[in-house]
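This is what each chain is made of:
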Amino acid sequence: MRTAYRTCPICDAVCGLRLTLEGNGKVRSVKGDSDDPLSHGYICPKGASLGVLDEDPDRLRVPMIREGDRWREAGWEEAFETVERGLMGVVEAHGRDAVATYFGNPTFHTMGGIFYRGPLAQALGTRNVYSASTIDQIPKHVACGLLFGNALAISVPDVDRTDHLFILGANPAESHGSLFAAPDLPGRLRALRRRGGKIVVADPRRTRTAELADEHLFVRPGTDACLLFGIVHTLLAENLTAVKVEVEGLQELTRLAAAFTPRAVAPVCGVPAEAIMRLARELAAAPTAAVYTRVGTCTADFGTVTQWLVDVINILTGNLDRPGGVMFTKPATVELPMGRPFAMGRWHSRVRGLPEVLGELPVATLVDELETPGEGQVRAMVTVAGNLVLSAPNGPRLGRALQDLEFMVCVDPYLNETTRLAHVVLPPPRTLQMPHYDLLLLTVTVRNYTRFSPPVLPLEAGQPSEAEIMAKLALIAAGKGAQADPADLDELMLGELLTAGTQMPGSPVMGRDPGELRAELEGDSGPELLLDAMLRLGPYGLSLADLRANPHGIDLGPLEPRLEEMLGTDSGRVRLAPPELTSEITRLRERLDAPPADMVLIGRRQLRSNNSWLHNVPTLVGGSNRCTLHVNPADVAELGLGNHARVRSATGEVVAPVEATEAIMPGVVSLPHGWGHAGSVQRVAAAHAGVNANTLTDDSVVDPLSGNAVFNGVPVTVAPAAEPGSGDG
Ligand SMILES: Nc1nc2c(c(=O)[nH]1)N[C@H]1C(S)=C(S)[C@@H](COP(=O)(O)OP(=O)(O)OC[C@H]3O[C@@H](n4cnc5c(=O)[nH]c(N)nc54)[C@H](O)[C@@H]3O)O[C@H]1N2
Ligand SMILES: Nc1nc2c(c(=O)[nH]1)N[C@H]1C(S)=C(S)[C@@H](COP(=O)(O)OP(=O)(O)OC[C@H]3O[C@@H](n4cnc5c(=O)[nH]c(N)nc54)[C@H](O)[C@@H]3O)O[C@H]1N2
Ligand code: SF4
Ligand SMILES: [Mo]
């Protein structure tokens, strides 16, 4: 038996884990690491299942090649040669924009994903770069870009010190937080109330988070911008503001807010005017307060305006960049000044003219790029760690379009609803065979903190790491061929990083020789060397050796004010009223008079799911983790629903089991995403198939400013249905 320590790679909470392994490498148990200074031993059911997940017999171990509808195992050399022929054939015949790439959610966690996504996209040289960002948080980046001149200036609520927390469109008690790395959020929320603080939640569902709160308000889906504008209006009209940072545009903001009186917005958002005014007064009066929102409002209409308003309220109440408010993490790794000052829309998508943000185009329009003939039509795809058929709006349409591709290669451990459409699937090693450093999430931790996890198990002879697979793909795309050495790309990347670092004003290695620095780096693989470099260039003077010597992680202290370092605006001030938002605010004003849809669909996350890919773990499916339609009992009665309901939208229909619950507001139904595994070769998942919620979501509807998908507030009709397969109906 031996013990190994590791950061859980599954969600944003970055919990420390303590694994016990048998001599043969089999995982005996997974517990929380009580010596981790951030997670203090916290673990959830998914983290506890990491061993079972990692040992899943349905995981791919060798590359798979599809011929017609038959899959066969292949060696790595043959697989990479097939990729070279497939990809370069399309590039030569149709040009580089004919290849698209999608980076799915886990590429934000894995070192292979984080370090090699950029180089792979660059080597492909295509404008068709897509990632989970545009079905998730791109509105937040755009709002931060416009406000702070820095799309990466994402603040986190200082949950452990705040007196008042207002949460909308997030359910951290079940999702464990998002762009907000704070293990054991349920415990942190309870502690907030124990010390006399207040929590208010606005959500179309009374969630577990709402149950932990002092107050819950039902808000109609897609109308948070109205609710928040009502708060801004009150703060300004009642002189409740206490701005503590340098801003510009306060007058313009007052003008923009004028139409959004609490009385005008109340009938739209469903929150009474008195409650809106009281919310504003309480936020202003609290010694410290933080407003936090996430995926519920990012993936809804007016996503960008809503993200902007959240920070506007944090600024107006004096809570931006101060303890107890919302603050910026100071990560251990260097922050390269990328994207400052912020620019977007540097190019647009071919078919719908949607804007580029952070080098990417919106996933919602990928299907148009696949289906629409003409120069630049997408004819090949590279996907890494994603399952677009279940995750993208109108996923089934996208799935049909993917079947017409000339070539598709996926880096994924599973044959899932999307990768089964590929020609080649390249499986990464098991999680426990890879080093882990949550580079992105460690920039949004609730305390400054760092932790590195070396591989627990060795690679097999001849088995490439995920970094090597990604590097190979990049080298193939760059025309260097399937035989090229991944280490060459690592050296190129290290050289670029160290050169940039030695030229950065204020850098601890400013003016030093990059070659000399390269010789000092330590690490067993490309990603480890890159991490060592980023740590040495970082603000704490740490190195990989320091992190290896501290397997439980290192606490780097509480968050401290640092807005000045984060700001990227030309004026050096926060832009309270960016003119780029004007058209959307006009549209929002028009929305005040528009009648709402009778019935709308929203999503929800489930404690034992993680998007589309944990449903093959027996301990995580069944019981409460089922794909059901939540419907308010009043709607059940009015619609005459029995055990099943047929839900129809502009794009498609599904039949799902009905779960009547007072926890959802009337006029709203909720279906979780990530299900729809009928016919899957993943045996457990197929037995708990559920339906694909993204059959109902509409790819033609986006948040216009950011291009983000809209999953919440989808107009639907709901009618009684017989159980599928029962023969009647
Ligand atoms: N209707 C609706 N749709 C949604 C959402 C919603 O709220 N409602 N949420 C959206 C959001 S926020 C997101 S982030 C997306 C997520 O959607 P995707 O980006 O598709 O990500 P996942 O569903 O998490 O799929 C992860 C895939 O990565 C693979 N994987 C796991 N670990 C690794 C690894 O280490 N390496 C590699 N190469 N692969 C790995 C898994 O096998 C799985 O196939 O879904 C979006 N879709
Ligand atoms: N257990 C679990 N954890 C996860 C995931 C998972 O699938 N399962 N996925 C991970 C990923 S990829 C992400 S991005 C994060 C997301 O983390 P969160 O942002 O916390 O996501 P959700 O739990 O979906 O919470 C969104 C909430 O918004 C509500 N909502 C829907 N529409 C609206 C609206 O218009 N207005 C308002 N105010 N609320 C609305 C929903 O009812 C829901 O309660 O979670 C991560 N963690
Ligand atoms: S909360 Fe997230 S990071 Fe923590 S154990 Fe669960 S899945 Fe892993
Ligand atoms: Mo996400």
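Reading the values: the criteria
Residues numbered from 1 in each chain as written. Chains lettered and ligands numbered in written order. Predicted model: local features only at pLDDT ≥ 70, side-chain atom pairs only at ≥ 80, totals over all residues. Heavy atoms only, no water. Buried < 20%, exposed > 50% of the residue type's maximum accessible area, 1.4 Å probe, protein only. Helix = DSSP H or I, 4+ residues; strand = E, 2+ residues; numbered from the N terminus. Arc of directions from axis to C-beta. Contact = heavy atoms within 4.5 Å. Pairing = 2+ DSSP bridges. Axes fitted to C-alpha atoms, helices over the stretch in contact; angles between N-to-C directions. Salt bridge = Lys/Arg side-chain N within 4 Å of Asp/Glu carboxyl O. Near = heavy atom within 4 Å. Polar contact = N/O pair within 3.5 Å; in protein donor to acceptor, adjacent residues only side chain to side chain. Areas by Shrake-Rupley, 256 points an atom, 1.4 Å probe, with all protein chains shown as cover. Nonpolar A, V, L, I, M, F, W, Y, C, P; charged D, E, K, R; others polar. UniProt positions renumbered as here; feature names shortened; annotations may be inferred. Parallel < 35°, antiparallel > 145°, perpendicular 65-115°, else oblique. Domains from an automatic or database assignment. Core = buried A, V, L, I, M, F, W, Y, C linked by side-chain atoms within 4.5 Å. Disulfide = S-S within 2.5 Å.

**Considering helix 10 (residues 250-257)**
Every buried residue of helix 10 is accounted for by Leu253, Leu256 and Ala257. What you see down the axis of helix 10 is that its buried residues fit within an arc of 95 degrees, all on one side. Of the exposed residues in helix 10, those oriented more than 90 degrees away from the buried face are Gln251 and Arg255. Taken together, the buried residues of helix 10 touch helix 9 (224-237), helix 14 (303-316) and helix 24 (582-591).

**What to know about the sheet that holds strand 3 (residues 27-32)**
Ordered in space as 1-2-3, the three strands form an open sheet in which the pairing is antiparallel. On the outer flanks of this sheet lie strand 1 (2-7) and strand 3, each paired with one strand and no other. On average, each strand axis in the sheet is inclined to that of its neighbour by 25 degrees, with strand direction left out of account. Sheet topology note: the strand 1/strand 2 (residues 16-21) ladder contains six bridges and is antiparallel.

**Side note on the pattern of salt bridges**
Applying the stated rule across the entire model yields 49 salt bridges. Among the salt bridges present, the one from arginine 536 reaches glutamate 520, with a minimum N-O distance of 4.0 Å. Note that arginine 536 is positioned in helix 21 (residues 526-536) and glutamate 520 in helix 20 (residues 514-520), a separation of 16 residues in sequence. Relative accessible area serves as the criterion here: at 23%, arginine 536 is assigned to the partly exposed category. Connected through salt bridges with shared partners, the residues Arg512, Glu516, Glu520, Glu522, Asp532 and Arg536 form a single ionic network.

**What to know about the site of ligand 1**
The immediate surroundings of ligand 1 are formed by 28 residues, with Tyr102, Asp412, Asn416, Glu466 and Ser612 found nearest. The side chain of asparagine 416 places a nitrogen or oxygen atom 2.7 Å from an oxygen atom of ligand 1. Residue asparagine 611 places a side-chain N or O atom 3.4 Å away from an oxygen atom belonging to ligand 1. The protein chains hide 96% of the 920 Å² of surface that ligand 1 would expose on its own. Taken together, the residues that form the shell around ligand 1 break down as 13 nonpolar, 11 polar and four charged.

**Concerning the pairing of strand 23 (residues 644-648)**
Every regular strand shows the same layout, with side chains that alternate between the two sheet faces. Relative to strand 24 (residues 653-660), strand 23 runs antiparallel, the two being bridged by five bridges. Its bridge partner lying in strand 24, valine 647 is registered against valine 654. What sits between the antiparallel neighbours strand 23 and strand 24 is a turn of four residues. For strand 23 and strand 27 (residues 717-721), the ladder comprises five bridges, and the chain directions are antiparallel. What sits directly across from arginine 646, in strand 27, is alanine 719.

**Here's the deal with the UniProt feature "domain: 4Fe-4S Mo/W bis-MGD-type" (unreviewed entry) in the chain**
Within this structure's numbering, the places UniProt gives as "domain: 4Fe-4S Mo/W bis-MGD-type" (unreviewed entry) are residues 1-58. Between the C-alpha atoms that bound residues 1-58 there is a distance of 26 Å. The span itself is 16% helix and 31% strand.

**With respect to the packing of helix 4 (residues 111-124) against helix 21**
Interhelical geometry of helix 4 versus helix 21 gives an angle of 80 degrees and a closest axis separation of 10 Å. In terms of orientation, helix 4 and helix 21 fall into the roughly perpendicular class. Between helix 4 and helix 21, the residues in contact are Met111, Phe115 and Tyr116 and Gly526, Pro527, Glu528, Leu530, Leu531 and Met534, respectively. Grouping the constituent residues of the contact of helix 4 with helix 21 by class yields seven nonpolar, one polar and one charged.

**With respect to the site of ligand 2**
Not every one of the 30 residues close to ligand 2 is listed here, only the nearest: Ser175, Asp203, Asp224, Gln606 and Ser609. The contact in question runs from a nitrogen atom of ligand 2 to an N or O atom on the side chain of lysine 46, over 2.9 Å. Separating an oxygen atom of ligand 2 from a backbone N or O atom of asparagine 611 is a distance of 2.8 Å. Protein chains shield 98% of the accessible area of ligand 2, which is 920 Å² for the free molecule. Among the secondary structure elements, those contributing two or more residues to the shell around ligand 2 are helix 6 (172-175) and helix 13 (295-298). Grouping the constituent residues of the shell around ligand 2 by class yields nine nonpolar, 13 polar and eight charged. Summarising the domain contributions, the shell around ligand 2 has at least three residues from each of domain 2 (138-331 + 564-585) and domain 3 (597-721).

**Some details on the nonpolar core**
Counting 164 residues, the largest nonpolar core has Phe148, Phe166, Phe229, Ile231, Val232, Trp308 and Tyr437 as its most contacted members. Residues within four places of phenylalanine 148 in sequence aside, it is in contact with Ala153, Asp311, Ile315, Leu320, Leu563, Met566, Leu567, Gly568, Thr569 and Val574. Grouped together as the second largest cluster of nonpolar side chains are 31 residues, Phe108, Ile135, Ala392 and Phe711 included.

**Remarks on the state of the cysteines**
Inspection of every chain in the model, using the stated rule, returns zero disulfides. Cysteine cysteine 226 remains unbridged, with the sulfur of cysteine 269 as its closest cysteine sulfur at 6.5 Å. A residue is classified by how much of its surface remains accessible, and cysteine 226, at 1% relative accessible area, is buried.

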